[in-house]
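# Structural description and commentary
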Amino acid sequence: MNKISILALISTLVLSTSSVFAQTDAEQTNTADLIVEDIIAEIKKAKTTPIEETFLIKKELEVKVAKTVIPVVDKVETKVQPIVVKKVATKVQAKRVPIKAKTEVVVAISQAKKITKVHTITLPTVPKPPEAIQLSVKLVDENGNIICENLEDIYPKREKIIFSTNVAPERFSKKRNSEVKEILPGDIDNARVTAYIQSPLLSVGDVVNKLKNAGFDILSIFKVDKKGTVTSIVFTNEAMKKAASKNIRGFAGTLRVVVDAKNKLVNISNPIYIMKAFMQKEYNPNVAEKMLSDIRSQFSDLKNSKEVVKFAALERYQFMENMPFYQDMKVIGKAKNEELLKRVKKSKKIIYTQHLSNGSIVVGVKLGKRTSKFVKKIGYQNSGILPYPVLIENGEAKIMAPQYYIAIMYPQLKMSKFMTIATVPGAITKDIDKIFR
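What this report covers is the structure whose coordinates are included nearby. Keep in mind that this is a model prediction, so the values were computed, not measured.

### Side note on the overall build of the protein
The helix and strand tally for the protein stands at 17 helices and 15 strands. For the protein, with 437 residues in total, the buried portion stands at 37%. For the protein, the accessible surface area stands at approximately 28200 Å², while carbon and sulfur atoms represent 54% of it.

Below you can see the structure in the form of structure tokens.
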């Protein structure tokens with residue numbers, strides 16, 4: 001109910017009573033106006049007042065109305081008083097808090113009373129490790145006779161292990177290097193090995209004598225060029241022959257020395273290098289190192305050549321990708337071993353012959369004049385590659401693939417240099433094929 005309705009109601013009530021209202025002073029009129037304003041304010045407040053306060057508001061309004069209206073109405077008929085009070089009370093009661101407001105209050109109260117649940121987790125006690133049981137064990141025989149009353153006499157107690165706190169020494173410290181075995185020419189140094197060891201120039205006769213004094217057998221002395229300024233010497237010994245007497249290992253049975261007057265040096269094949277390349281997994285370091293030691297005992301002022309290769313790489317050595325390995329040999333002819341040997345002797349191209357204990361035969365053959373000139377292009381110092389070796393074994397005559405053999409004897413050969421002799425591998429195969437026809 002708005003302010004105008006309540007004013008109209010009050011005015012109607014006052015005019016219907018009597019002329020007594022006209023005689024009331026200004027103070028009483030002002031009081032009545034204040035009562036109406038208070039009623040309107042309280043009704044507006046009731047719209048947002050919780051349920052619990054609604055009845056208090058009603059009581060307070062009744063008290064205010066009673067205090068103000070009742071004294072004025074005392075002069076009128078008694079019927080007016082209950083009507084005024086009753087109507088005012090009814091109007092106030094009609095303005096109770098709507099149901100929506102009540103619902104909101106209930107929700108607010110329930111949220112305020114929300115109970116927090118507490119979960120308690122109890123951790124189990126850590127179990128104690130079982131204690132060792134001391135047993136007294138006796139050793140008895142099958143008849144029950146005591147052999148030993150205390151097994152610790154036979155199996156003593158294990159002592160407590162004390163781990164060392166020492167730090168590994170530096171790999172290249174001066175202290176460690178002083179304790180390491182001295183590296184001599186031809187030895188494996190830092191996992192690398194040289195293909196050749198070199199001495200100052202000597203005569204062919206002096207080189208042959210030194211090799212014989214070291215216990216080697218001379219298989220051939222071959223002049224590489226027409227003038228004889230470059231000579232290839234092939235030599236061996238019993239230990240080397242025995243190691244090479246295995247299937248496809250015959251090429252490891254010889255070493256080469258080049259007396260190169262043009263470059264003024266003697267170039268000797270390193271036994272460690274050659275035997276590792278040709279023996280591969282069957283390489284015996286004792287044999288190779290003993291041969292190297294024998295060579296060093298006769299030749300002075302030796303030094304390593306610059307042609308250094310990783311020792312482990314020799315087992316799978318190849319010039320470059322897609323090039324042949326050691327085992328990729330070319331079969332030149334097939335027949336019985338004796339028949340194949342007859343063919344090569346008949347050709348008059350044979351330079352040396354080596355018989356191995358397993359029945360294999362290694363022969364060195366002379367290539368055609370035109371073919372053999374390739375050593376002039378790539379270096380006379382390594383011309384110990386000639387005469388070209390052929391292995392006669394199990395009814396086959398086979399050679400190491402020229403691309404492999406040239407690369408292993410010239411480990412520093414570059415691709416640009418190899419291209420200058422690109423036709424040589426094919427020419428070598430043809431020259432040897434003619435020998436065994």
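### Focus: helix α10 (residues 271-279)
With respect to burial, α10 is a largely interior element, nine of its nine residues being buried. Taken residue by residue, α10 has Pro271, Ile272, Tyr273, Ile274, Met275, Lys276, Ala277, Phe278 and Met279 as its buried positions. A side-chain oxygen of the first residue of α10 lies 3.2 Å from the backbone nitrogen of Ile272; this N-cap is Asn270. Backbone geometry just downstream of α10 places Gln280 in the positive-phi region, at approximately 55°.

### Structural notes on the sheet that holds strand β15 (residues 396-399)
Across the sheet, five strands lie side by side as β11-β15-β14-β13-β12; this open sheet has antiparallel pairing. The sheet is open, and its two borders are formed by β11 (330-334) and β12 (350-355), each paired with just one other strand. Ignoring which end each strand starts from, the neighbouring axes of this sheet average 25° apart.

### Some remarks on the pairing of β15
Two elements, β11 and β15, share four bridges in a ladder whose sense is antiparallel. The residue bridging Lys334 from the neighbouring strand is Glu396, located in β15. Inspection of the sheet shows strand β14 (residues 388-393) paired to β15 by three bridges, in the antiparallel sense. Residue pairing across strands places Leu391 opposite Lys398, the latter belonging to β15. Between the end of β14 and the start of β15, which pair antiparallel, lie two residues, with Asn394 showing a positive phi angle near 50°.

### A look at the sheet that holds strand β9 (residues 303-304)
Strand order in this open sheet of six strands is β5-β6-β7-β8-β4-β9, and the pairing throughout is antiparallel. What marks the edges here is a single partner per strand, and that holds for β5 (217-223) and β9. Sheet analysis places strand β4 (residues 196-200) next to β9, joined by two bridges and oriented antiparallel. Each bridged residue has a counterpart across the sheet, and for Ile197 the counterpart in β9 is Asn304.

### Some thoughts on a positive patch on the surface
Judged by side-chain charge, Lys226, Lys227, Lys262, Lys349, Lys366, Lys369, Arg370, Lys373, Lys376, Lys430 and Lys434 come together as a positively charged surface patch. Summarising the element assignment, Lys369 is placed in helix α13 (residues 369-372).

### Regarding unusual backbone geometry
With glycine set apart, most residues show a phi of negative sign, and most peptide bonds adopt trans. Omega for the bond connecting Leu386 with Pro387 falls within 30 degrees of zero, at -5°, which places this linkage in the cis form. You can see Pro387 is positioned in the loop between α14 (374-378) and β14. Notably, Asp301 is not glycine yet its phi reads approximately 55°, a positive angle. Along the chain, Asp301 turns up in the loop between α11 (285-298) and β9. In this structure Asp301 comes out as exposed when scored by relative accessible area, which is 62%. Even without being glycine, Asn394 reaches a positive phi, approximately 50°. Relative to the helices and strands, Asn394 is located in the loop between β14 and β15. Using a relative accessible area of 61% as the deciding quantity, one classes Asn394 as exposed.

About the criteria used
Residues numbered from 1 in each chain as written. Predicted model: local features only at pLDDT ≥ 70, side-chain atom pairs only at ≥ 80, totals over all residues. Heavy atoms only, no water. Helix = DSSP H or I, 4+ residues; strand = E, 2+ residues; numbered from the N terminus. Buried < 20%, exposed > 50% of the residue type's maximum accessible area, 1.4 Å probe, protein only. Areas by Shrake-Rupley, 256 points an atom, 1.4 Å probe, with all protein chains shown as cover. Polar contact = N/O pair within 3.5 Å; in protein donor to acceptor, adjacent residues only side chain to side chain. Pairing = 2+ DSSP bridges. Axes fitted to C-alpha atoms, helices over the stretch in contact; angles between N-to-C directions. Patch = residues over 30% accessible without salt bridge, like charges linked within 9 Å, V, L, I, M, F, W, Y side chains within 5 Å. Salt bridge = Lys/Arg side-chain N within 4 Å of Asp/Glu carboxyl O. Lys, Arg positive; Asp, Glu negative; His and termini not counted. Charge placed at Lys NZ, Arg CZ, Asp CG, Glu CD.

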